[in-house]
Amino acid sequence: MELDMATYYPQKIGFYTVRKAAHGLCKALDKFDPILRFYFPENSTLIALLDAIGPLCKQLEAEIKAQQAAIFPP
C-alpha cells in the first residue's frame, strides 16, 4: 500500500511541543516586554524584534491549535 504524503500525517508531528513553546514565549513576552523596553529603549534591534514577535507568537499558537483540531478532531 502506497501512502499519499499530502494527506498522511504521522502520529507525532510536533503540534504539542511547538504550541507549548509558543505559549511559553508569549507568556514571557507579556511579562518582560515592558521591562526590556524600559531598560533598553536605545536598542532599536531589540525593540523591532519585540514589536514583531509579540503578535506572531500569539498567531502561531492559535494557528497550530486550529490546524491540530482540523487534523485530529476530538
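This text goes with the structure placed above it.
Computed from a predicted structure; not experimentally measured.

Student: Break down the state of the cysteines for me, with residues and values.
Tutor: On inspection of all chains with the given rule, the structure shows 1 disulfide. A sulfur-sulfur separation of 2.2 Å characterises the disulfide bridge that pairs C26 with C57. Every disulfide takes its handedness from the sign of the S-S torsion; for C26 and C57 that torsion is 140°, giving right-handed. Highlighted residues: C26 in helix α1 (residues 15-39) and C57 in helix α2 (residues 44-71), separated in sequence by 31 residues. One exposure class covers both C26 and C57, and it is buried.

Student: An account of the pattern of salt bridges is requested, with residue identities and associated values reported.
Tutor: Opposite charge on two side chains makes pairing possible when the charged atoms of those side chains draw close. By the definition in use, this model includes 3 salt bridges. Between R37 and D33 there is a salt bridge; the shortest N-O distance is 2.6 Å. Taken together, the residues R37 and D33, both in helix α1 and 4 residues apart, mark about one turn of the helix. For D33, a relative accessible area of 17% puts it in the buried group. Measuring nitrogen to oxygen at the nearest pair gives 2.5 Å for the salt bridge that ties D51 to R37. Of the two residues, D51 is situated in helix α2 and R37 in helix α1; the sequence distance between them amounts to 14 residues. By relative accessible area, which is 27% here, R37 ends up partly exposed. Each member of the salt-bridge network shares a partner with another, and the members are D33, R37 and D51.

Each value, and the rule that gives it
- Residues numbered from 1 in each chain as written.
- Predicted model: local features only at pLDDT ≥ 70, side-chain atom pairs only at ≥ 80, totals over all residues.
- Heavy atoms only, no water.
- Disulfide = S-S within 2.5 Å.
- Helix = DSSP H or I, 4+ residues; strand = E, 2+ residues; numbered from the N terminus.
- Buried < 20%, exposed > 50% of the residue type's maximum accessible area, 1.4 Å probe, protein only.
- Salt bridge = Lys/Arg side-chain N within 4 Å of Asp/Glu carboxyl O.

Just distances and angles here, no functional claims.
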